[in-house]
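# Notes for the structure review
The residues making up each chain are set out below.
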Amino acid sequence: MENRLIGNRIRAARLAKGMNQEQLGEKLDVSFQAVSSWETGKFIPDAEHLPELSRVLDLSLDGLFAEEDHDWTLKPVNFDYEHMYTFVKGRAQMLHMPQSLAVLDRLRAAHGGQKRKSRYGFETTYMVHPLTMACHALAMELRDDDVIAACLAHDMIEDSDMKPDDLPVGERVREAVRLMSRNTYARNDPDREEKYYANIRKNRLACLVKCLDRVNNLAGMADGFSRRKMVSYTEETDRYYPELLAVIKKVPEWNNAWWLLRYQMTMLLETFKRML
């Protein structure tokens, strides 16, 4: 492989991080001249610098040493939220889902000013996330008002100033949303993550909606997450979600949904493990 191709990738990753050559050199404990020599293709980084270079620039070694570049045309990974809103509302009306309709009416107030972040300029309203989950659930023939309402409301407590009692839903949905809201758990608790998932496992509705949430986030994480965040997210999913899926499997009316969620999550996880 040409050293210049590697150098171009280092330079592009450095600029994406907003660093100059001297700043990158300081982080790697090398001179800016060394960084310059890498970027011009005169030399390539020594093996001892590669792990830290990968970490600092959020650049995989596979990506750094790939034999060729691909000039992909990137497209948005999120679909039109207005179309999804209309679809979900129409289905909720047809299937007589009063909680889901009530939550839809609060969706813009709760999430309308928030953005679904993108590393590639494709930012959109955060509403696309709960709406995608609701569409996913409906596509799997989950026609329970509690399920669709919980999908739509699952981030309302965590991402807005709403309290559980503010949600226009019944106690079953309210409790599931409360359990899925990380801000209801003390930030300084060293066992926060374990308690979070242990409590979710006690509530089958929370398990189902959390798995729908995770599949949607996994599918879009390459657009919005850094490489480091993708690695930690993959590890977290691999660790905690098999037990959540096991709870879903025990609910007869959710058996098809369990199979599809397990399949989707497994395929996404194994793809990312190989890529990362």
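The structure this text deals with has already been given above.
The following refers to the structure shown. In this numbering scheme, every chain counts its residues from 1 along its sequence in written order. Note on the predicted model: pLDDT of at least 70 is required for a residue's local features to be given, and 80 or more for side-chain atom pairs to be given and counted; whole-chain, interface and lining totals, by contrast, use all residues. No hydrogens and no water enter the side-chain calculation; it runs on all heavy atoms of the structure.

## A closer look at the packing of helix 8 (residues 128–139) against helix 13 (residues 204–224)
Running from amino to carboxyl end, helix 8 crosses helix 13 at an angle of 115°, the nearest separation of the two axes being 10 Å. Judged on the interaxial angle alone, helix 13 and helix 8 are roughly perpendicular. Along this stretch, helix 8 crosses helix 13, giving a crossing that reads as right-handed. Residues H129, T132, M133, H136 and A137 of helix 8 lie in contact with helix 13, whose contacting residues are V209, L212, D213, V215, N216 and N217. Only Asp, Glu, Lys and Arg are considered charged in this grouping, and only Ala, Val, Leu, Ile, Met, Phe, Trp, Tyr, Cys and Pro are considered nonpolar; every other residue, Gly among them, is considered polar. When grouped by side-chain class, the residues that make up the contact of helix 8 with helix 13 number five nonpolar, five polar and one charged. A fitted line through C-alpha atoms serves as each axis, taken over the contacting stretch for helices, and the angle formed by two N-to-C directions is quoted from 0 to 180°. To qualify as a helix, a DSSP run of H or I must reach at least 4 residues; to qualify as a strand, a run of E must reach at least 2; elements of each kind are numbered from the N terminus. When an angle is under 35 degrees it counts as roughly parallel; over 145 it counts as roughly antiparallel; between 65 and 115 it counts as roughly perpendicular; any other value is oblique. Here a crossing is called left-handed whenever its near helix is offset anticlockwise from the far helix by less than a right angle, and right-handed whenever the offset is clockwise. Two residues qualify as a contact provided that any one of their heavy atoms is within 4.5 Å of a heavy atom in the partner residue.

## Focus: the environment of A66
With respect to the helices and strands, the residue A66 is situated in the loop between helix 5 (61–65) and helix 6 (81–94). Spatially, the C-alpha atom of A66 lies 31 Å from that of R262, the residues being 196 residues apart in sequence.

## Considering the packing of aromatic side chains
Both the distance between ring centres and the angle between the ring planes are used here to describe each pair of aromatic rings. Note on aromatic pairs: the rings of Phe, Tyr and Trp (six-membered ring only in Trp) are paired at centre separations within 6.5 Å, and the planes decide the class, stacked below 30 degrees, edge-to-face beyond 60, tilted for the rest. Following the criterion strictly, the structure yields six aromatic pairs and no others. Ring centres of W259 and Y263 lie 5.7 Å apart, and the angle between their planes is 5°; this geometry places the pair in the stacked category. A residue pair is termed a helical-turn pair when its members lie 3 or 4 positions apart in one helix, as W259 and Y263 do in helix 15 (residues 255–275) at four residues. Only protein chains enter the accessibility calculation, which uses a 1.4 Å probe; a residue whose area is less than 20% of its type maximum is buried, one above 50% is exposed, and one in between is partly exposed. Using a relative accessible area of 44% as the deciding quantity, one classes W259 as partly exposed. Here, a charge over a ring is recorded when the distance from Lys NZ or Arg CZ to the ring centre is within 6 Å and its angle to the ring normal is within 35 degrees. Lying across the ring of Y196, R182 places its NZ or CZ 4.1 Å from the centre. One residue, K229, lies across the ring of F225, its end atom 4.0 Å from the ring centre.

## What to know about unusual backbone geometry
Excluding glycine, a negative phi dihedral is what most residues carry, and trans is how most peptide bonds are arranged. The residue D29 is not glycine, and still its phi comes out positive at about 60°. Note on placement: D29 falls in the loop between helix 2 (21–28) and helix 3 (32–39). Even without being a glycine, H96 presents a positive backbone phi close to 60°. Its place among the elements puts H96 in the loop between helix 6 and helix 7 (98–111).

## Quick word on a nonpolar patch on the surface
Two distance rules govern patches: like charges are joined within 9 Å, and nonpolar side chains (Val, Leu, Ile, Met, Phe, Trp, Tyr) within 5 Å, applied only to residues with over 30% relative accessible area and no salt bridge. Reported accessibility uses the Shrake-Rupley method at a 1.4 Å probe radius. Residues are deemed covered only where the shown protein chains occlude them. By salt bridge we mean one thing: a side-chain nitrogen of Lys or Arg within 4 Å of a carboxyl oxygen of Asp or Glu. A cluster of nonpolar side chains, I44, L61 and F65, forms an exposed patch at the surface whose accessible area comes to about 220 Å². Under the relative-accessibility criterion, I44 is labelled partly exposed at 36%.

## Considerations on the pattern of salt bridges
Should their charged atoms come close, side chains of opposite charge can pair. Under the counting rule described, the total for this entry stands at 18 salt bridges. The partner of R172 in a salt bridge is D146, with the nearest N and O atoms 2.8 Å apart. Of this pair, R172 sits in helix 11 (residues 171–180) while D146 sits in helix 9 (residues 145–153), and the two are 26 residues apart along the sequence. Here the salt bridges do not stand alone but share partners, grouping R182, E193, R214 and E236 into one network.

Keep in mind these values describe shape, not function.
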